[in-house]
Amino acid sequence: MHAKQLLEAHQQKVEDELGIYKNSDPAVRKSSLREQYNRKILEQDNLGKALRSKQKTVREQHTPNVAQMSMWRDLQQLLSVKATILQRSTERDMGKENILIL
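Because the structure is predicted, anything quoted here is derived from the model rather than measured.

Side note on the overall build of the protein
Logical step 1: Within the protein, the secondary structure is distributed over three helices and zero strands.
Logical step 2: Its helices and strands in sequence order give the protein the pattern α-α-α, from N to C terminus.
Logical step 3: Since a compact globule built from 102 residues should have a radius of gyration of about 13 Å, the 36 Å found for the protein marks it as more spread out than a globular shape.
Logical step 4: Its C-alpha atoms give the protein principal-axis dimensions of about 110 × 30 × 25 Å.
Logical step 5: For the protein, with 102 residues in total, the buried portion stands at 3%.

Here is the structure:
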């Protein structure tokens, strides 16, 4: 008896969905499962396209970005060495008099 009620409930859902889908009012049709699933599929397709485009951009820019990061690390190292040399030079010259000869 329980299975029969379950089947009747499913049949009623199918008939309700068919009635909604066949309705000429667009506002009512938007509530149909078919329309909802089609809308979600379209949203996911658009999201997939956007993600593929972003992935392509990231792949294209990866090598130049790695090179730029390497150059940045080299620049930081160079500036660090220059700062150390300047500090040592300043410490060494602290005790000496600076004389300008013309």
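Back to the write-up after that little detour.
Some points on the side chain of E17
Logical step 1: Mapping E17 onto the fold places it in helix α1 (residues 2–22).
Logical step 2: The charged side chain of E17 is buried without a salt bridge, its nearest counter-charge being R34 at 7.7 Å.
Logical step 3: Filtering out sequence-adjacent residues up to four positions away, E17 remains in contact with S32, L33 and R34.

Concerning the environment of L7
Logical step 1: Mapped onto the secondary structure, L7 falls in helix α1.
Logical step 2: Overall, the relative accessible area of 60% leaves L7 in the exposed class.
Logical step 3: For the pair formed by L7 and R39, sequence separation is 32 residues and the distance between their alpha carbons is 28 Å.

A word on a nonpolar patch on the surface
Logical step 1: Taken together, the side chains of W72, L75, L78 and L79 define a hydrophobic patch exposed on the protein surface, amounting to about 420 Å² of accessible area.
Logical step 2: Positionally, W72 belongs in helix α3 (residues 33–92).
Logical step 3: Overall, W72 belongs to the exposed group, its relative accessible area being 52%.

Overview of α3
Logical step 1: For α3, built from 60 residues, the straight-helix expectation of 88 Å at 1.5 Å per residue is met to within 8% by its first-to-last C-alpha distance of 82 Å.
Logical step 2: The axis of α3 is deflected most strongly, by about 45°, at H62, and proline P64 appears within four residues downstream.

Quick look at the confidence of the model for the protein
Logical step 1: Residues of the protein with pLDDT of at least 70 account for 90%, and the chain-wide mean is 86.
Logical step 2: Confidence, read as mean pLDDT per element, is least for helix α2 (residues 26–29) in the protein (70) and greatest for α3 (93).

What counts as what
Residues numbered from 1 in each chain as written. Predicted model: local features only at pLDDT ≥ 70, side-chain atom pairs only at ≥ 80, totals over all residues. Heavy atoms only, no water. Helix = DSSP H or I, 4+ residues; strand = E, 2+ residues; numbered from the N terminus. Rg over C-alpha atoms; globule rule 2.2 N^0.38 Å. Buried < 20%, exposed > 50% of the residue type's maximum accessible area, 1.4 Å probe, protein only. Lys, Arg positive; Asp, Glu negative; His and termini not counted. Salt bridge = Lys/Arg side-chain N within 4 Å of Asp/Glu carboxyl O. Contact = heavy atoms within 4.5 Å. Patch = residues over 30% accessible without salt bridge, like charges linked within 9 Å, V, L, I, M, F, W, Y side chains within 5 Å. Areas by Shrake-Rupley, 256 points an atom, 1.4 Å probe, with all protein chains shown as cover. Expected span 1.5 Å × (residues − 1). Bend = angle between axes of the 7 residues up to and from the residue. pLDDT = per-residue confidence, 0-100.

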